[in-house]
Structure formats: C-alpha cells, structure tokens
Amino acid sequence: MREQVLGRINELTKENVFVAFSGGADSSLILKLSCDAAKLNNTKVYAVMLNTRLHPKGDLENAKKISEETGAQFIVVDIDELEDTQIKNNPKDRCYLCKKAMFKRLQEKAGEFGITTILEGTNRDDLKMYRPGIRALKELGIISPLAEAQITKIEVRKWLCELGISTAQRASAPCLATRLPYGDRIDYELLSRIDKGEAYLRELGFYNVRLRVHKNIARIEVDRSDIHKLVDYACEITDVLKKLGFVYITIDLEGFRSGSMDIE
C-alpha cells in the first residue's frame, strides 16, 4: 500500500502541485511525501490552507508550523462559506456544498500559479462514513492518494511517527459545523463559543473532544476512558460552559464518536 502511494505521488509531483492542507494528520502525510518526491523531481509543492471560520482557531498556526517542517511553500486562502445561504442553513448535504465551494476556490488559486494538480488527505476510513464532501472532491477531480491506496488512519499516524512529523499524535479537529444538528442555522458567534469550550476541555487534558450543541444543551463527548475525569471536573466545567452561554451541560455516556450527529 505504501509503495502505491509513493509511486502515485512521485508521478504527480513531476509537475508543481497544490496540497489542500489543514494541518491534520492526513494532509500532513500527503504534504511530507509530496515534498520529498518534489525534491527528487525538482518541482514545487504548495501547502494551501483554506482559512475558514468554520474550523478551530488553532488550525492556521499549526498548519504553518508543519509546512515549515516539510519544506513546502505555505499559502493561505481566505474563504467565507456562510456567504452561501444554503450552507448557512446547515442542510444534510452541507459538507458537499461546503467542499464544493472550498475546492472551487482552491482550483481558482491553483490556476493563478499555472497548477492543475491538487492533492488532499482523505483516507480509507473516511470512505466508510457519511462524508458527502468526498463526492464534491471526485466531481472536481481532486486527487486523494491515501484513499486510492486504502491507507487507514492508524497507518497514517504510524507513517507520520516514522517520518518524525509532529502532527502524528494530534487529535482530529473537523469543521465546527459538525457540532450542530442538521437544520440548525450556522452562526459564527455560536461556533466561536463552541471552539472556546472545546479549547478549555483540551486544556484539562482531554484528547478527543466534541461539544455537540442542541439548542441550549451542550453535550460533551470525550473518549470513554476519560468520562470519569469529566465527573471529577464537573463543577469547573459547568461553570466555564455556562459562562459561554450554554444552559444545560451534559455528558454523553457513549463517549466520543466521530460523526455522531449523523446518527438517525
């Protein structure tokens, strides 16, 4: 599987490429492998960060750091997804609409550099979940080398550790809109409060953290092995989250589950 990825990326980097870069584990691996191959091919790799207010604030600083580690040229492209009323209304296919808008903007930027090849980090595990955004990537011709080679998230992290990339153990930080039920209107002020709440919980030492919001209820998801720690910090957590404007603070006894808002 690794040989397939390396061969594919070596072919793609015979010309300059864009890597859609979030600073997460998957795109970090694609970026590192692309930069290593580009050195041999004497081409350039651009790590392109789509700076969106729908993602946690720490993403931009982390992405810049990883880009420097890999030797890529770092570019930031600003985008406001909520200019699209459909996305703002948070429909079931929000991820598809959002990805389509973001990667169209990325293609426009690539055109300014004379680049036609854009890589991104979808892995095999993503293909097993509800990920409507993947359809948008396919429609636009965006290349996903990890998914093509059936590389899993576990393999991604193992490979990054071997390569010495600092993002190997970084918890995933998906779009903040995933914290809201479909149909609940997306509001930047609310997303900011969610982001602050999750940042506080991470400061307490929790690894996987999601603050799912159902109207005035904040439902906390952490790894099941850490649920007892939530109880230990119950008073402090309740105080902080209520100051952020959440009325009822609850613990999800099933623990952290990626995509739990997709369960019907």
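Below is a short write-up of the structure.

Let's talk about the sheet that holds strand 6 (residues 217-222)
Here comes step 1: If you trace the three strands from one edge of the open sheet to the other, you get 5-6-7, paired in mixed fashion. The sheet is open, and its two edges are formed by strand 5 (209-214) and strand 7 (248-251), each paired on a single side. The mean inter-strand angle of the sheet, taken between neighbouring strand axes irrespective of direction, is 25°.
Here comes step 2: As paired elements, strand 6 and strand 7 share four bridges and run parallel to each other. Looking across to strand 7, one finds that I217 is bridged to Y248.
Here comes step 3: Strand contacts of helix 10 (residues 188-203): strand 5 and strand 6, with the helix running at about 145° to strand 5, the strand carrying the most contacts.

Here's the deal with the nonpolar core
Here comes step 1: With 48 residues, the main nonpolar core has F18, F103, I194 and F246 as its most contacted residues.
Here comes step 2: In terms of residues, this core owes the most to one element, helix 5 (residues 94-112), which gives seven residues.

Notes on the packing of helix 2 (residues 25-41) against helix 3 (residues 59-70)
Here comes step 1: Where helix 2 contacts helix 3, the two axes come as close as 9 Å, and the packing angle between them is 25°. Accordingly, the angle class assigned to the pair helix 2 and helix 3 is roughly parallel. Every pair of crossing elements has a handedness; the one defined by helix 2 and helix 3 is right-handed. On helix 3, the residues that touch S28, L31, K32 and C35 of helix 2 are I66, S67 and T70.

Each value, and the rule that gives it
- Residues numbered from 1 in each chain as written.
- Predicted model: local features only at pLDDT ≥ 70, side-chain atom pairs only at ≥ 80, totals over all residues.
- Heavy atoms only, no water.
- Pairing = 2+ DSSP bridges.
- Helix = DSSP H or I, 4+ residues; strand = E, 2+ residues; numbered from the N terminus.
- Axes fitted to C-alpha atoms, helices over the stretch in contact; angles between N-to-C directions.
- Contact = heavy atoms within 4.5 Å.
- Core = buried A, V, L, I, M, F, W, Y, C linked by side-chain atoms within 4.5 Å.
- Buried < 20%, exposed > 50% of the residue type's maximum accessible area, 1.4 Å probe, protein only.
- Parallel < 35°, antiparallel > 145°, perpendicular 65-115°, else oblique.
- Left-handed = near helix turned anticlockwise from the far one by under 90°.

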